[in-house]
Structure formats: structure tokens, C-alpha cells
Amino acid sequence: MSILAPDVVRETDAFPSARPMTVTVTGAAGQIGYTLLFRVAAGLMFGADTPVNLRLLEIPSAMRATEGVVMELEDCGFPLLRDIDITSDPVRAFEGANAGVLIGAKPRTVGMERADLLAANASIFAVHGRAISEAAADDVRVVVVGNPVNANALVLAHHAPDLPKQQITAVSRLDHNRAVFQLARRAGVPTSEVSRLAIWGNHSSTMYPDITHAVVGGRSGAEYAADTMWLEMEFIPSVANRGSAIIEVRGQSSQGSAAFATKEHMYDWFCGTRPGDWTSAGVWSSGEYGIPDGLVCSMPVTSDGSGWTVVEGLNIDPLSRRYIDTSIADLLEEREMVKAMGLI
Ligand code: NDP
């Protein structure tokens, strides 16, 4: 007799039918990678009928730990998981990849300035950009998760010049999800009743969670935004500082929620956003909403499964403009830093 309730769908109940996806995950043995991989193998990133081949890239010192991750993945018996390869060679890791999830990066440590983090990590993304260019499938879609995500994605794009810029993105979905939750809590509705929220700018403390176009339990988000005291003193800081709040309470950075956000980013990109709703992603800018060309900037986007489309025609009020411009200045400053390092 089954001990499962009849309406419970187990992660091993998928019935594969679609073309297999080859997915490269860098930093596979790290905290986010470890949490993410089981979701990918369960069919939660590309859909429950899509088999996956995993290509796990790690630095040599983490290879043993990666072998342990592979053993655990094997022990789940995922029906969608066709093949796993582990390597510390980026070109081999990206061979034939249809999707790249780039998590591998040095973590920020106490006292580290943004320039130090950029210096430590941006060069990794130059190497990975070249490897993707050389080895990945032409239609590969890449999400950068390792911080600082926007600058790293910019560097990657520069080193993969033949890859269409629309195929390179940076994750801002955790900021988006955090903002959805905070707004739902303020309105006293479930998160399922919040739609059309947007994160603009850099994945840093300057990102701007824009609720002016949101729909919240049937009401306009602009009604909540009109309470500027709450908006600027509570809501925006609560989203911007949530990462440090979690470190303070949990003693470690966000991993479960970061992995979940990464999965959601890829799922929506490949399988489509909810009808009538949009989400946020760091995408290549080409002059939308006064954002200068050639930045990887978070914007409101939709997907029909074939790619991201920036939501057009939104009216940006003066307060939003001020916040967006501050975050754009932050992105421009990072672009100058990576230029000064000779990485772009
Ligand atoms: P995590 O898996 O916890 O984090 C990985 C990266 O994701 C970090 O840069 C982290 O930034 C970033 N991140 C966290 N949350 C978010 C978010 N919401 N949005 C965007 N980015 C986010 O780190 P671990 O140290 O556990 O794992 C890193 C792995 O990478 C290790 O296994 C290591 O071996 C590998 N590595 C690979 C390198 C290479 O390829 N050359 C170099 C160094 C490490 P933050 O630190 O700011 O939280």
C-alpha cells in the first residue's frame, strides 16, 4: 500500500519524452550548486519531460567533494538524469552545453571591497566566456550567479563575442522574489496574488524593487508606493538588506533561496513566464528606459520559452527614475572597473 497521498507527485515520477538538455553547472560542489543540482535532475528547471545531462565544473581542490555530490545524485535514481560528467577543464565542461549555470566564484569575505571581489572573480568569467564560445551549443543560454553577477556577465559576453548577447543573463530573481514576499506581507495576501513587480539595475544594494506597476490582491501597487515613508524606509531597505539579515541570523549566506531563484530564472526562460505576469532578469541593455547600451541590467521581462523580452511602455515616475539612475551609475562604475582591469 502506498504511503503517499494520491495527489502527491514525487520528484521521481517524471516521464521523459523531450530532447535531452546538456546543462553545465560551475561551482557544482558549492553551497548553491549542491542545492540546485537535485532540482535540475528532478526536472524542475527545464520541465518534467526533459531529460538532462549534467556537466559539473569545479576547481581541482573541490573535485573530491564533487564526486560525493555525483554519488548522491545517483542515489536519488532520477529518471530524467541521463549522464553526469565532472571536470576541472572549462572547455570540456561546456562541450555541447544547451544551458550554463555559472555559480563558481570566490565568496565575498569580511573587509573585501567591491574592486577586490571584481578582481578575484571577473577573470573566471573571461575564461568561461572563451570556453562557452569554443565548445557550447550555438543556442546555449547562460545565467551568471557568481557575484558580482552583472559585471561578471559583461566580462563573459566580451569573451564570447560570437554568442548573441540575448543568450547571456545575470540572476536578479532572488531580489525579485524577496520583494514579492515583502509586498505580499504588507498587503496581507499570498504571494500568488502579487504580479508585475520589477527589479531594476545592479544586483547590489542599489537595486530598485519597483512596485508602481504591480497588482497586489486586485489593487494597484502604486497605492502602496504612494506611502513613500514605508516604501523608502521599510520596503526598499528590507529587500536590499535581506542577504545580510540572513547571514546575521543563519550564520551563512542565502543558499536555498539563491538556488531556488536560479532555478526559477531558467525555468521561466525555457518554459515561459506566467500569462499576464512578468519577472525580472539581468539582460543586455540596448537603450531601454534610458539605460545606456551594453550593460547587463535587471529589467522586467517576459518569456514565451524562446527568450526574454523586456516589458515595454512602462511609465517611470520621478522617484523610480531616481532609484534606477542610481543603480545605473553603479553598473557604469563596475563597467569602468573591469575596463581598467583590461577584462573588457
Ligand atoms: P555559494 O555557492 O554560496 O555562492 C556562489 C556564488 O553565488 C557567490 O559568488 C555568491 O556571492 C553568489 N550568490 C549568492 N547569492 C546570490 C544571489 N542572490 N544572486 C547572485 N549571486 C549570488 O559559494 P561556495 O563558496 O559555497 O561555492 C562556490 C564554488 O565555486 C565552490 O565549490 C568553489 O570550489 C567554486 N569556485 C570556482 C572557481 C573557478 O571556477 N575558478 C573559483 C572559486 C571557487 P556572495 O559571495 O556575494 O554571496
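In this text, all values refer to a predicted model and were calculated from it rather than measured experimentally.

The rules behind these values
Residues numbered from 1 in each chain as written. Predicted model: local features only at pLDDT ≥ 70, side-chain atom pairs only at ≥ 80, totals over all residues. Heavy atoms only, no water. Helix = DSSP H or I, 4+ residues; strand = E, 2+ residues; numbered from the N terminus. Domains from an automatic or database assignment. Contact = heavy atoms within 4.5 Å. Buried area = accessible area lost by both parts, 1.4 Å probe. Salt bridge = Lys/Arg side-chain N within 4 Å of Asp/Glu carboxyl O. Polar contact = N/O pair within 3.5 Å; in protein donor to acceptor, adjacent residues only side chain to side chain. Buried < 20%, exposed > 50% of the residue type's maximum accessible area, 1.4 Å probe, protein only. Pairing = 2+ DSSP bridges. Right-handed = clockwise from strand over helix to strand, strands pointing away.

Engineer: I'd like a description of unusual backbone geometry, backed by residues and values.
Structural biologist: The omega torsion of the bond from Asn147 to Pro148 falls at -5°, within 30 degrees of zero and hence cis. Relative to the helices and strands, Pro148 resides in the loop between β5 (141–144) and α5 (149–158). With a phi angle near 60°, Arg196 is a residue other than glycine that sits in the positive phi range. In this fold, Arg196 is placed in the loop between β7 (194–195) and β8 (198–200). For Tyr289, which is not a glycine, the phi torsion comes out positive at approximately 50°. The residue Tyr289 is located in the loop between β12 (279–284) and β13 (296–303) in this model.

Engineer: Can you lay out the domain arrangement of the protein for me, pointing to particular residues and giving the numbers?
Structural biologist: Domain assignment breaks the protein into domain 1 (21–170) and domain 2 (173–339). Measuring from the centre of the C-alpha atoms in domain 1 to the corresponding centre in domain 2 gives 23 Å. Facing the 37 residues of domain 1 at the interface are 38 residues of domain 2. Note on domain 1 versus domain 2: buried area summed over both sides is about 2800 Å², and carbon and sulfur give 69% of it. When the area that domain 1 buries against domain 2 is broken down by residue, the three leading residues are Arg114, Arg141 and Asn150, summing to 25%. Our enumeration of links across domain 1 and domain 2 arrives at zero salt bridges. Along the contact surface separating domain 1 from domain 2 lie seven residue pairs in polar contact (both at pLDDT 80 or more). Counting residues per element, the ones that place at least two in the side of domain 1 that touches domain 2 are α1 (31–41), β4 (99–102), α4 (114–135), β5, α5 and β6 (168–170).

Engineer: So what's going on with the pairing of β4? Which residues, and what values?
Structural biologist: Both faces of β4 are covered, namely the face carrying Ala99 and Val101 and the face carrying Gly100 and Leu102. Pairing analysis gives four bridges linking strand β1 (residues 21–26) to β4, with the strands arranged parallel. Within β4, the position partnered with Val25 by the bridge is Val101. Inspection of the sheet shows β4 paired to β5 by four bridges, in the parallel sense. Looking at the pairing, Val101 lines up with Val143 of β5. Viewed along the sheet, the connection from β4 through α4 into β5 turns out right-handed.

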